[in-house]
Amino acid sequence: MLEVEKLNLSRIQETCAKQKSRWWDVFVEYAIHKTYSFKNNVFYGVRESEIKGYGIRMNVDGKTGLSFCNDIAMLDSVIAYAQETANYGEIEEYELPSMQPTPYVACYDEKIFNKNSQYYLHALQKVVDTIRSVYSDCMVDAGLGCVDGYMHLVNSQGFNNGYHYSRHRSTITALRILPDGSRVQIYESITWNSDFNIDELTERIIQKLAFSERTVKMPFGNYNVIFTPKAFGQIMGVVLQGLTGRSIERGISRYIGKFGEKVFGKQFTVYDNPLIDFAPGSYPFDDEGVPAQNKTLIENGYAKTYIAHLQSAHLLHTNPTGNASRGYATLPQESFSNIIVEPGTLSFKDMIAQMGTGIIIDQFIGFGQSNTLMGNFSANLDLAWLVVQGEVRGRLSNSMVNDDVTTMLNDKIVLSSEREWGGNAYLPYVLCRINYSTT
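Each chain carries its own residue numbering, running from 1 in the written order of its sequence. Local features are withheld for residues below a pLDDT of 70 in this predicted model, meaning they are given only at 70 or higher, and side-chain atom pairs are given and counted only at 80 or more; totals for whole chains, interfaces and linings count all residues. Think of the side-chain values as coming from all heavy atoms in the structure, minus any hydrogens and water.

**Student:** Break down the overall build of the protein chain for me, with residues and values.
**Tutor:** Counting secondary structure elements, the protein chain contains 9 helices and 20 strands. Relative to the globule expectation of 22 Å for 439 residues, the C-alpha radius of gyration of the protein chain, 24 Å, shows essentially globular dimensions. With respect to the principal axes defined by its C-alpha atoms, the protein chain has extents near 75 × 55 × 35 Å. Residue contacts are defined here by distance: any two heavy atoms, one from each residue, within 4.5 Å place the two residues in contact. Within the protein chain, contacts between residues at least 6 apart in sequence are counted, and of these 71% link residues at least 24 apart. Only the protein chains shown count as covering a residue, and every accessible area follows the Shrake-Rupley method with a 1.4 Å probe. By element, 49% of the accessible surface of the protein chain is carried by carbon and sulfur atoms, the whole surface being about 19,300 Å². Positive charges are assigned to Lys and Arg, negative charges to Asp and Glu, while His and the chain termini are left out of the count. The atom standing in for a charge is NZ when the residue is Lys, CZ when it is Arg, CG when it is Asp and CD when it is Glu. One way to put it: in the protein chain the 39 positive side-chain charges average out to a point 5 Å from where the 47 negative ones average out. Helix numbering and strand numbering both begin at the N terminus, where a helix is a DSSP run of H or I of at least 4 residues and a strand a DSSP run of E of at least 2. Radius of gyration: over C-alpha atoms. The globule rule applied is 2.2 Å multiplied by the number of residues raised to the 0.38 power.

Next comes the structure, spelled out in structure tokens:
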């Protein structure tokens, strides 16, 4: 932390401590973002931006107000606004955590900032050239970016801690117009707090372009389907809805009354783990100062627990789980850290060979149009392929799927031995059955 920022934080602490309040905390965020990008096969630009801000929460007479600034010269007015907005804030009667030991997890790798611009531009040019060496009519967008960040939290209970973090992210998009006039657009992305192999994303794009060279059709019905980790990430969004203290406290979680009961297939085990070195959702403590911990959300199909920040934990008479996230300009919200699904033993290649006739789903359009709170979903298929007798025959168009995740993820599901990171989730390929129809 820069010396000038330490002085600023000390001044904020001293000023807040003089105010009449039940408790207060100050969230400080500082980050430099740098991105390199290619669009339509050619260099597009380099962009650098800086974020710095101070967010102040003040709990006055049991209600919490928030205000923030980017300039320390505005400190007095920001504190006054935080006190004033507390009149309209939610009743929050919990206590803030005090200073306590926090676990170690690697969140920062300075090596990614030692590479110059030529390195990143060369890597992106190689992505474009490699894809177009196979599909010369392909239009490729590619981006690489990194974030050098620092967060610090202090509060009226004596918590005073911060940590450095890095982010390293790449997104590649390939667009082709097939001879029949249909449009195929494939994207791949990865976020990691250290180095990663961008060539893996390029190889996935080329493999999926190869699967998509022909457009095919299949009649509606209930079929075997393989979700890629990217597609299964959206299914997991439905699974995880209801595993938050907020949804339980409001009575809208389908898991209410089902903790300790078997809800999914026995193969299905899910963790929320913020203690994985260099993973994108890792941290030593959450944005309210609660130490990070690994949690088993679903174990062998049984619903085990849910995440909770200070407010929902207080209302539900349980302990906070270290899952609060916020920016300097926002109030804390519950959020999952790294979602980890246990793998199976069958390879993706063997899954295709054994599925007979079925579908591989990779991308959706408009996912989440049903009652996802209750586990239902329906979505058009943006990228999916027909498999017949273990052979990928081509891309399915104008089609959709719908089902219920509890029914779909039953004891018959098969999980692959391979897993891929997508966002903050580490997921396998998943073989199950699903309702398919054409549009």
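**Student:** Can you lay out helix H4 (residues 198-211) for me, pointing to particular residues and giving the numbers?
**Tutor:** What a helix is expected to span follows from its residue count: subtract one and scale by 1.5 Å. The first and last C-alpha atoms of H4 sit 21 Å apart over 14 residues, in line with the 20 Å expected at 1.5 Å per residue. Exposed residues in this analysis have more than 50% of their type's maximum accessible area, buried residues have under 20%, and partly exposed residues fall in between, with area computed by a 1.4 Å probe over protein chains only. Among the residues making up H4, those that are buried are Ile198, Leu201, Thr202, Arg204, Ile205, Ile206, Lys208, Leu209 and Phe211.

**Student:** Residues and numbers for the layout of surface pockets, please.
**Tutor:** A probe matching the size of a water molecule, rolled over the atoms, marks out where space remains unfilled. In this structure, the largest pocket occupies an estimated 690 Å³ of space. Along the wall of the largest pocket there are 30 residues; nearest its centre are Glu188, Arg204, Lys208, Glu420 and Tyr429. Listing elements by their share of the lining of the largest pocket, those giving two or more residues are strand E6 (183-192), H4, helix H5 (229-240), strand E15 (358-365), strand E19 (414-422) and strand E20 (425-438). Amino acids are sorted into nonpolar (Ala, Val, Leu, Ile, Met, Phe, Trp, Tyr, Cys and Pro), charged (Asp, Glu, Lys and Arg) and polar (every other residue, Gly among them). Its residues assigned to classes, the lining of the largest pocket shows 12 nonpolar, 7 polar and 11 charged. Computed from the structure, the second largest pocket encloses a volume of approximately 400 Å³. Residue lining of the second largest pocket: 22 residues in total, with Arg167, Pro280, Tyr283, Asp287 and Ser325 positioned closest to the centre. Of all the secondary structure elements, the ones that give two or more residues to the lining of the second largest pocket are strand E1 (23-39), strand E5 (160-177) and strand E12 (324-325). Element by element, the count of residues in the lining of the second largest pocket is highest for E5, at 3 residues. Tallied by class, residues from the lining of the second largest pocket come to 9 nonpolar, 8 polar and 5 charged. Points on a 1 Å grid over protein atoms alone make up a cavity when a 1.4 Å probe fits among them but cannot get out, and a pocket when they form an open set with protein on both sides within 12 Å along at least five of seven lines; lining residues each have an atom within 4 Å of a point. Grid points are joined across faces, edges and corners, and a volume is the space filled by probe spheres set on the points.

**Student:** Go over the nonpolar core with me, naming the residues and quoting the values.
**Tutor:** Among the nonpolar cores identified, the biggest contains 50 residues, and Phe227, Met236, Phe268, Ile361 and Phe364 are the most heavily contacted of them. Elements that contribute at least two residues to this core include exactly strand E8 (221-227), H5, strand E10 (295-299), strand E14 (339-341), E15, strand E16 (376-388), helix H9 (405-408) and E20. The dominant element in this core, judged by the number of residues it contributes, is H5, at 7 residues. Those residues in contact with Phe268, other than ones at most four positions away along the chain, are Phe232, Met236, Val239, Ile298, Glu299, Asn300, Gly301, Val341, Leu409 and Ile413. Counting residues in each nonpolar core, the second largest holds 45 residues, with Tyr120, Ala123, Ile186 and Leu383 among its members. Here, nonpolar core refers to any group of buried Ala, Val, Leu, Ile, Met, Phe, Trp, Tyr and Cys residues whose side-chain atoms link them within 4.5 Å.

**Student:** Give me the sheet that holds strand E2 (residues 42-60): which residues, what numbers.
**Tutor:** When DSSP finds at least two bridges between two strands, those strands are taken to pair. What the 6 strands build is an open sheet, ordered E3-E2-E1-E4-E5-E6; its pairing is antiparallel. Of all strands in the sheet, those bounded by a partner on one side alone are strand E3 (63-69) and E6. Ignoring strand direction, the axes of neighbouring strands in this sheet form an average angle of 20°. Sheet topology note: the E5/E6 ladder contains 10 bridges and is antiparallel. In the strand pairing of E6, Ile177 is matched with Arg183. Note on method: axes are straight lines fitted to C-alpha atoms, helices fitted across the in-contact stretch only, with angles between N-to-C directions ranging 0 to 180 degrees.

**Student:** Quick rundown of the pattern of salt bridges? Include the residues and the values.
**Tutor:** We count a salt bridge whenever a side-chain nitrogen from Lys or Arg sits within 4 Å of a carboxyl oxygen from Asp or Glu. Across all of its chains, the model carries 20 salt bridges by this definition. With its nearest N and O atoms 2.5 Å apart, the salt bridge here joins Asp195 to Lys115. One end of the pair, Asp195, is in the loop between E6 and H4; the other, Lys115, is in the loop between helix H2 (75-85) and helix H3 (117-134), with 80 residues separating them in the sequence. Across the pair Arg204 and Glu188 runs a salt bridge, and its minimum N-O distance is 3.0 Å. Placement of the pair is Arg204 in helix H4 and Glu188 in strand E6, with a sequence separation of 16 residues.

**Student:** How would you sum up the pairing of E1? Please name residues and give values.
**Tutor:** Pairing analysis gives 17 bridges linking E1 to E2, with the strands arranged antiparallel. Its bridge partner lying in E2, Ile32 is registered against Glu50. Counting the residues between successive antiparallel strands, the hairpin from E1 to E2 contains 2 residues, one of them, Asn40, with a positive phi of roughly 50°. Relative to strand E4 (residues 139-155), E1 is paired through 14 bridges, and the arrangement is antiparallel. Bridge pairing in E4 places Tyr36 opposite Leu144.

**Student:** Lay out unusual backbone geometry in plain terms, naming residues and giving numbers.
**Tutor:** Positive phi values are uncommon outside glycine, yet Asn40 reaches one of about 50°. Among the secondary structure elements, Asn40 is positioned in the loop between E1 and E2. Within the chain, Asn300 stands out as a residue other than glycine whose phi angle is a positive 50°. The residue Asn300 is located in the loop between E10 and strand E11 (302-303) in this model. Residue Asn300 is classed as partly exposed on the basis of its relative accessible area, which comes to 40%.

**Student:** Describe the side chain of Arg326, listing the residues and the values that go with them.
**Tutor:** As for its position among the elements, Arg326 is in the loop between E12 and strand E13 (333-334). We classify Arg326 as buried; its relative accessible area is 9%. Of the polar contacts made by the side chain of Arg326, one reaches the side chain of Asp25; its length is 3.1 Å. Contact partners of Arg326, with chain neighbours within four places excluded, come to Asp25, Phe27, Gly55, Arg57, Leu153, Asp287, Leu331 and Pro332. In protein, a polar contact means a hydrogen-donor-capable atom and an acceptor-capable atom, both N or O and within 3.5 Å, with residues adjacent in sequence counting only if both atoms are side-chain atoms; elsewhere, any N or O pair within 3.5 Å suffices.

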